[in-house]
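Structural description and commentary
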Amino acid sequence: MITLFLIAKTLHFSNFPNSIRKSTGQKLHPAPFPLDRHRRQQILSRKTISLKFLQESDQDHQALFILASIWIMELNSIKDAFDRVTKKQKISSSKSQETIQQITQEINDAISGIQSTDHKSILNELKAKLKEIAPLTQLESTQKELNIAFSKYTKLLEKQFNPDISKSYRNVDFDLHTVNQIIAGHLYREGLFEIGDCFINESNENDVIERKTHFLEMYKILESMKSRDLVPALNWAAANHENLQKNGSDIELKLHRLQFMEILQHGRRDEALKYARTHFSPFADHHLPEIQKLMACLLWAGKLESSPYSEFLSPTHWAKLGHELAQQFCNLIGESHQSPLSVTVAAGVQGLPTLLKLMNVMTGKKHEWQSMKQLPVPVDLDQEFQFHSIFVCPVSRDQAGEDNPPMLMSCGHVLCKQSITKLSKNNSTRPFKCPYCPTEVEVGQCRQLFF
Amino acid sequence: MEPNTNGNSTVSNATMSSATVASVPSLHGEVPSSKLNQLTESLKLEHQFLRVPFEHYKKTIRANHRVVEKEVSAVMSSLSDAVDLSQDDAVQRLNSLVSRLQGLKRKLEDGSKVEHLQAQRCRARLDHLESAGADNISEWNNTRLKRILVDYMLRMSYYNTATKLAETSNIQDLVDIEIFYEAKKVIDALRNKEVAPALAWCADNKSRLKKSKSKFEFQLRLQEFVELVRSENNVGAVMYARKHLAPWAATYMKELQKVFATLAFTSNTGCETYKVLFEPKQWDYLMEQFKQEFCRLYGMTLEPLLNIYLQAGLSALKTPFCYEENCTKEDPLSQESFRKLASPLPFSKQHHSKLVCFITKELMDTENPPLVLPNGYVYSFKALDEMANSNNGRITCPRTQEVFNYTEVRKAYIS
């Protein structure tokens, strides 16, 4: 805590960007224009960051601020470098203009001079003058400065970014046809039908038509919902009544509820009552309290906004239900809820930095990398990418599988079967001590687990 | 410790902080630092995103500058000749030089308009990177996927789709369509077995290609030579070789000799070594070669970004469980097409157990511990607790349909 306080103090009183660079062991980049806009912004943000920094007490936030500020500083230094490039480019460009103007001027002067005197001497004079101007050397010198700015910017990019993200790429046959199919499917499921068609046309793929019709139907329903027309959605729900119920979804009732409220909101109470009678009754068994509430709304017709049920009117219901419908729709047609391409690319974005770091330490073992059956290091992904239960035996560090299943010991700790066999010295009657607690365990009492 | 360094009141400091908070929203919000670290790490993968438009900008500036240099030096040498002319001729010469300079000036003005646009594009990308923050992350990720897709389409020469996707998503400044159109000309010509545009491109980028020791131009020349041999224009072939192939002799002697031997074998040879040189697939090879040179010149990865990210994602997601019959649909690897792409890739590795509840799909940890039913099936506390509460303490195993009492459940310790 004391160190953090000290860091905060230095941040506050000293040159913030530099000090943070020091603390991360990076080289200093003194800004050349002390009072330009960026610089002022930097100074401004340095104060607020350090203030915030002191206010935040939990460690997570402190780490966050350091990380965020380092990144912002880095981006700012890149922006500065780019500004320098454009500045030099402007100088160079106006220098060229100026030079051309100068030469033109001299020549024009000479033209008017020629009329009166001997042209040869005028021309020689012109030649001498231009030699003195030395336009080419002038152009060259500004260009040189521009080149320096170019290479500085390029180098900075190379340093702050990963200059080659294909380092961990395996040179395997990545089937073009398969990738194209995946992309076409993705475009359709995102509702980009026109682009999908264009893609199919250009890439000569054509077996994605079936998926397209499915998603066309889905987007039609969703579009109608956006204009507050529930009929297509209700038709779909009625047609898939059984399947929806099997999946335990009450989306049909939710759609009816929305329709009921819509009718009621327009003040047509009798119609609403009739609607409720025909459509709510099939759901009475499981959703009675909900239906009671809805019926109570009838009492408030015309002044629903001030009723205890005003919550039912919230427009968020529409968006939420649209989302849920998409989910159920995908479920019924056997598609995942999220585009598998988005999921894989997002996982790739998260995993790639680790793989690239791995390649840095594996230099010289490129060949091994190309044939490895399993990654040598774990790649940590967010929970949203965790689709399977993976049990790693804490003793052997092996991943459990069919031939080596996880076993629950009588004390509640879990090991892999092979580890248990080893610990018991392959003697099923001899008890052994659990590696994690003092309990004596017998092999016979261990049970296989299914995650 | 004083609240601020330059003696301002605390109030002004507070207003200042709120102003800056608004301008750097990515700094704040309820984000764990690991997430933020992930974000910065992922932004560092965007080298190509900044580099490509910059190379383009640089190229334009240099080309414009070369024009100026050339014209100015032409004007200068033309002036020095003028001394020997008669008076009328000299005046005429000077006038023509003035109009030439004016033309150059106009050209320069047009050129700087282009330069300005390209600089804006570079800056738009910097701004886009800066805009990534916790509050707009899903939208930003969406745009990234679109950028990656456009990159793929451009590399595969699906120009119409790429343009359409960029236009409808309004990301024209974030993708390199213009640059790839430059490549399109050359690729189309190579497809029609013409080398002239490719050679012109080589001449345009002579110094950079030389720096990277590219032999693309040499290969183009070889192909032209082979075409001459194919049409049995032997004299022409030898003349061509003298003019265009000889300069490469020092570096690529072996290949040169091999191609020269085709003069003796002719196009209907049965000898394998020389037969391949006449095959049409040589043109495909040149096309591939060009694409690589082109990408290298602009600082792009040689593989499409999509393939790189897909490979990384697939390796990270690939587990033996993905290939089991009951694999969840949500896992991309439950699909045949993704499995096919993943088949040559390594499996992921785990150092620690990660248990996902079958019912809630949530991670099981100390907060939400795994519970074991008497039949050995494991579910999360959250799922079983809810089930027990709404079913009078009875639990039905969703996979075996067996019914148990909540009291029969026991805790498992996973380390």
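Per-chain numbering applies: the sequence of each chain, read as written, is numbered from 1 onward. Written order determines the labels here, with chains lettered from A and ligands numbered from 1. Two thresholds apply to this predicted model, a pLDDT of at least 70 for residue-level local features and 80 or more for giving and counting side-chain atom pairs, whereas whole-chain, interface and lining totals are computed over all residues. Just so you know, side-chain values use all the structure's heavy atoms and leave hydrogens and water out.

All names here are of chain B. Between N-to-C directions, angles span 0 to 180 degrees; the directions come from axes that are lines fitted to C-alpha atoms, helices contributing only their stretch in contact. A run of H or I in DSSP becomes a helix once it reaches four residues, and a run of E becomes a strand once it reaches two; helices and strands are each numbered from the N terminus. Two elements in contact, helix H8 (residues 196–204) and helix H10 (residues 216–230), have axes whose closest approach is 10 Å; the angle formed by their N-to-C orientations is 155°. The orientation of H8 with respect to H10, classified from their angle, is roughly antiparallel. Considering only the axes of H8 and H10, their crossing is left-handed. Packed against H8, whose contacting residues are Ala198, Leu199, Trp201 and Cys202, the element H10 presents Phe216, Glu217, Leu220, Arg221 and Glu224 at the interface. Put simply, angles under 35 degrees are roughly parallel, angles over 145 are roughly antiparallel, angles from 65 to 115 are roughly perpendicular, and the rest are oblique. Put simply, a crossing is left-handed when the front helix is turned counterclockwise from the back one by less than a right angle, and right-handed when it is turned clockwise. Only heavy atoms enter the contact rule, under which two residues are in contact if any of them lie within 4.5 Å.

Attention now moves to the interface of chain A and chain B. Each partner contributes to the interface: chain A provides 152 residues, whereas chain B provides 151 residues. What gets called buried area is simply the loss in accessible area from a 1.4 Å probe that two parts show on being joined, summed for both. Buried surface at the junction of chain A and chain B, summed over both partners, amounts to about 13800 Å²; 68% is from carbon and sulfur atoms. For this document, the term salt bridge refers to a Lys or Arg side-chain nitrogen within 4 Å of an Asp or Glu carboxyl oxygen. Taken together, chain A and chain B are joined by nine salt bridges. A:Glu194 is paired through a salt bridge with B:Lys164; the nearest N and O atoms lie 3.8 Å apart. In the analysis that follows, any N or O atom pair within 3.5 Å is treated as a polar contact, provided that within protein one partner can donate a hydrogen and the other can accept it, and provided that, for residues neighboring in sequence, both atoms belong to side chains. One can count 38 residue pairs in polar contact (both at pLDDT 80 or more) joining chain A with chain B. In terms of residue count, helix H4 (residues 59–114) of chain A provides more of the side of chain A that touches chain B than any other element does, 32 residues in total. Classification used: nonpolar for Ala, Val, Leu, Ile, Met, Phe, Trp, Tyr, Cys and Pro, charged for Asp, Glu, Lys and Arg, polar for all others including Gly. Looking at the side of chain A that touches chain B residue by residue, the classes come out as 80 nonpolar, 48 polar and 24 charged.

To continue, consider the sheet that holds strand S1 (residues 406–408) of chain A. The strand order across the open sheet formed by three strands is S2-S1-S5 (chain A), and the pairing between neighbours is antiparallel. Edge strands, defined here as strands with exactly one partner in the open sheet, are strand S2 (414–416) and strand S5 (447–448) of chain A. One bridge is not enough; two strands pair if DSSP finds at least two bridges between them.

In this section: the packing of aromatic side chains. Residue and element names in this part refer to chain B. Each Phe, Tyr or Trp ring, with Trp reduced to its six-membered ring, pairs with another whose centre is within 6.5 Å; inter-plane angles below 30 degrees give stacked pairs, above 60 give edge-to-face pairs, and intermediate values give tilted ones. According to the stated counting rule, one finds 28 aromatic pairs over all chains in the structure shown. Taking 6.4 Å as the distance between ring centres and 75° as the angle between the ring planes, the aromatic pair formed by Trp201 and Phe216 counts as edge-to-face. Within this pair, whereas Trp201 is found in helix H8, its partner Phe216 is found in helix H10, the two being separated by 15 residues in sequence. Here Trp201 matches Phe216 in class, with each residue buried. Only protein chains enter the calculation, and the probe is 1.4 Å; a residue is then buried if its accessible area is under 20% of its type maximum, exposed if over 50%, and partly exposed in between.

All the domain ranges listed were derived from an automatic or database domain assignment. Per the domain assignment, the segments making up chain B are domain 1 (213–298) and domain 2 (355–411). Between the C-alpha centres of domain 1 of chain B and domain 2 of chain B the distance comes to 71 Å.

Quick look at helix H7 (residues 176–189) of chain A now. All names here are of chain A. Expected helix span is given by 1.5 Å per residue-to-residue step, counting one fewer step than there are residues. Taking 1.5 Å of rise per residue, the 14 residues of H7 would be expected to cover 20 Å, and the 20 Å separating its terminal C-alpha atoms lies within 8% of that figure. For H7, the tally of buried residues reaches twelve of 14 residues, placing the bulk of the element in the interior. Along H7, the residues classified as buried are Thr178, Val179, Asn180, Gln181, Ile182, Ile183, Ala184, Gly185, His186, Leu187, Tyr188 and Arg189. At the exit of H7 stands Gly191, carrying a positive phi of roughly 80°.

Our focus in this paragraph is the sheet that holds strand S7 (residues 410–411) of chain B. All names here are of chain B. Pairing in this open sheet of three strands is antiparallel, and the strands run S4-S3-S7 from one edge to the other. The outermost strands of the open sheet, each flanked by one partner alone, are strand S4 (378–380) and S7. Bridge count between strand S3 (residues 370–372) and S4: three bridges; the pairing is antiparallel. Across the sheet, the residue bridging to Leu371 is Tyr379, located in S4. Here helix H18 (residues 381–390) sits on the sheet in contact with S3 and S4, set at roughly 85° to S4.

This part is about the side chain of A:His317. Residue and element names in this part refer to chain A. Looking at the element boundaries, His317 is found in helix H15 (residues 316–332). Judged by relative accessible area, which is 12%, His317 ranks as buried. If sequence neighbours within four positions are ignored, His317 has contacts with Arg257, Leu258, Glu311 and Phe312.

Bringing the nonpolar core into the picture now. One finds A:Leu255, A:Phe260 and B:Leu306 to be the most contacted residues of the largest nonpolar core, which totals 154 residues. Per element, the largest residue contribution to this core is ten residues, and it comes from helix H16 (residues 340–361) of chain A. In this structure, A:Phe260 is in contact with A:Ala272, A:Tyr275, A:Ala276, A:Phe280, A:Leu294 and A:Leu298, ignoring residues within four places of it in sequence. Judged by nonpolar contacts, the second largest core, of 36 residues, contains A:Phe391, A:Leu449, B:Met364 and B:Leu371. Nine residue types can take part in a nonpolar core, namely buried Ala, Val, Leu, Ile, Met, Phe, Trp, Tyr and Cys, and a core is a set of them joined through side-chain atoms within 4.5 Å.

As a further point, take the layout of surface pockets. Space inside and on the surface of the protein is sampled on a 1 Å grid over the protein atoms alone, with a cavity defined as a set of points where a 1.4 Å probe fits but cannot get out and a pocket as an open set with protein on both sides within 12 Å along at least 5 of 7 lines; lining residues have an atom within 4 Å of a point. Grid points are joined across faces, edges and corners, and a volume is the space filled by probe spheres set on the points. Its boundaries defined by the atoms lining it, the largest pocket holds a volume of some 1300 Å³. Every residue lining the largest pocket is counted, 40 residues in all, and those nearest its centre are A:Gln338, A:Ser342, B:Ser138, B:Asn141 and B:Asn142. For the lining of the largest pocket, the elements supplying multiple residues, two or more each, are helix H9 (209–226), H15 and H16 of chain A together with helix H2 (33–43) and helix H5 (137–155) of chain B. Looking at the lining of the largest pocket residue by residue, the classes come out as 19 nonpolar, 13 polar and eight charged. Here the second largest pocket defines a volume of roughly 930 Å³. Forming the walls of the second largest pocket are 29 residues, and the residues nearest its centre are A:Phe451, B:Phe321, B:Glu324, B:Asn326 and B:Arg399. In the lining of the second largest pocket, the residues fall into 18 nonpolar, six polar and five charged.

This part covers the confidence of the model for chain B. All names here are of chain B. Predictor confidence is given residue by residue as pLDDT, running from a minimum of 0 to a maximum of 100. With 92% of its residues at a pLDDT of 70 or more, chain B has an overall mean of 86. Confidence, expressed as mean pLDDT per element, reaches its minimum in chain B at helix H1 (residues 10–23) with 38 and its maximum at helix H6 (residues 159–169) with 96. Taken together, the stretch residues 1–29 has pLDDT below 50 and engages in 43 contacts with residues farther than four places along the chain or on a different chain. Of the two predicted TM-score estimates for the complex, the pTM is 0.84 and the ipTM is 0.84.

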